[in-house]
Amino acid sequence: MNGFMKIWMGFVFLAASFSGQIFAAVGGGDEAGNGAGIAEHHVVSAYLNLGEYLDLCLNSSECELDAREHALLRKIRTGLLGEYQNRRQLSFKKESELPGFFIIDGYLRVAKTGDQVGSTIYVNRDLLYRMGPGGVITGLSLESAIAILVHEMGHHHGEVDHTVLDYLGAKVMNMVLGVLQRTDLGPNRRNILATVFDLDRAGSFAQFLVSDGLRAIDLSAVLKSFIQCPSLNDEVQTLQGLSLFNLHWKWKEGDPLSLRGDLVLFCENAQSENASVVRGYGIEVNLAYRWDSQSRMRLQPGSESFKQVLCAENPSVCSENVQASSFK
Ligand SMILES: [Zn+2]
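Owing to the predicted nature of the structure, the values given are computational and were not obtained by experimental measurement. (Residues numbered from 1 in each chain as written. Predicted model: local features only at pLDDT ≥ 70, side-chain atom pairs only at ≥ 80, totals over all residues.)

Draft legend 1. Up close: the sheet that holds strand 10 (residues 207-211). Taken together, four strands build an open sheet; the order of strands is 8-9-10-11 and the sheet is antiparallel. Since the sheet does not close on itself, it has two edges, and those belong to strand 8 (180-184) and strand 11 (216-218), each with one partner. The average undirected angle you get between the axes of adjacent strands in this sheet is 20 degrees. Sheet analysis places strand 10 next to strand 11, joined by three bridges and oriented antiparallel. Directly across from Leu209, in strand 11, lies its bridge partner Asp218. (Pairing = 2+ DSSP bridges. Helix = DSSP H or I, 4+ residues; strand = E, 2+ residues; numbered from the N terminus. Axes fitted to C-alpha atoms, helices over the stretch in contact; angles between N-to-C directions.)

Here it is in structure tokens:
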């Protein structure tokens, strides 16, 4: 797909979501229509990791930024520290409870903000969920949340043209989409989804989320704390980054739900500071679930258990049998 096509598609999606034509108000949050649901989770996740997403675009010519966009995105990137000074920068409100609050220039918006770095970003929860095929409620995606935040933070650096910011957000979104890996559980269970954002470089930890259409569970932090580097010549190595790839689900009716994948670990010897790339490990994540009243599978947050395995001893978990080796 050429660059223009990618941007055009992103823009159409964004324009539609911003106008509320696609993201109609259908409640959202949890099944009772309140509480933080998958869309809110995506907004928060996008917010907390925005620097990584912006760098991806800023450091690649594939993002196809013109000089003006590049300068603005650079300002948004360097402004992030200032943005995060406002510990309550994100605020979720409902247009239905505050009629007119999200109307700007005659259009209903999914978000609005002020014109200063650190200004509160108000997100319209009425537009975060839509009714999909078969009456399935779908929440705003992570990449759409990223585009929205780029747009809003662009206003903090003097850009007042919403269309310019929609384009800029779409470009960052398309770069992120090129890196995101998604694996679902197949027909009738597409709502069960594993998402990995992996920058594939030393010093970077893969972001790892599982979701069921209503809720997202961010497993990034627990993965980072759980995975260990093997000791090398009896010396302790510390984990400095990890890649997660080739995710696949393993499940049959009545069995626990299991998610498996390959790991590449970036390890460092605490004494010598020698770095090594360690292959040959995999991860198995077990997740508890229940069936809701519409016979949809729903994940049980807090039930996750992890197992780090040596591929050579557990070939069904990994894609390849590669011994832990390959040092540099
Ligand atoms: Zn705007």
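Draft legend 2. Inspection of the packing of helix 5 (residues 142-155) against helix 6 (residues 162-179) at higher detail. At their nearest, the axes of helix 5 and helix 6 sit 8 Å apart, and the two run at 145 degrees to each other. The two elements helix 5 and helix 6 cross, and the hand of that crossing is right-handed. Where helix 5 abuts helix 6, its residues Glu143, Ser144, Ile146, Ala147, Ile148, Val150, His151, Gly154 and His155 lie against Leu165, Asp166, Leu168, Gly169, Ala170, Val172, Met173, Val176 and Leu177. Here the contact of helix 5 with helix 6 is built from residues that sort into eleven nonpolar, five polar and two charged. (Left-handed = near helix turned anticlockwise from the far one by under 90°. Contact = placed C-beta atoms within 7 Å. Nonpolar A, V, L, I, M, F, W, Y, C, P; charged D, E, K, R; others polar.)

Draft legend 3. Region of interest: the packing of helix 4 (residues 67-84) against helix 5. Contact geometry of helix 4 with helix 5 gives a least axis separation of 10 Å together with a crossing angle of 85 degrees. As judged from the angle between their axes, helix 4 and helix 5 are roughly perpendicular. Here helix 4 contributes Leu72, Ile76, Gly79 and Glu83 to the contact with helix 5, which in turn contributes Val150, Met153 and Gly154. Across the contact of helix 4 with helix 5, the residue classes break down as four nonpolar, two polar and one charged. (Parallel < 35°, antiparallel > 145°, perpendicular 65-115°, else oblique.)

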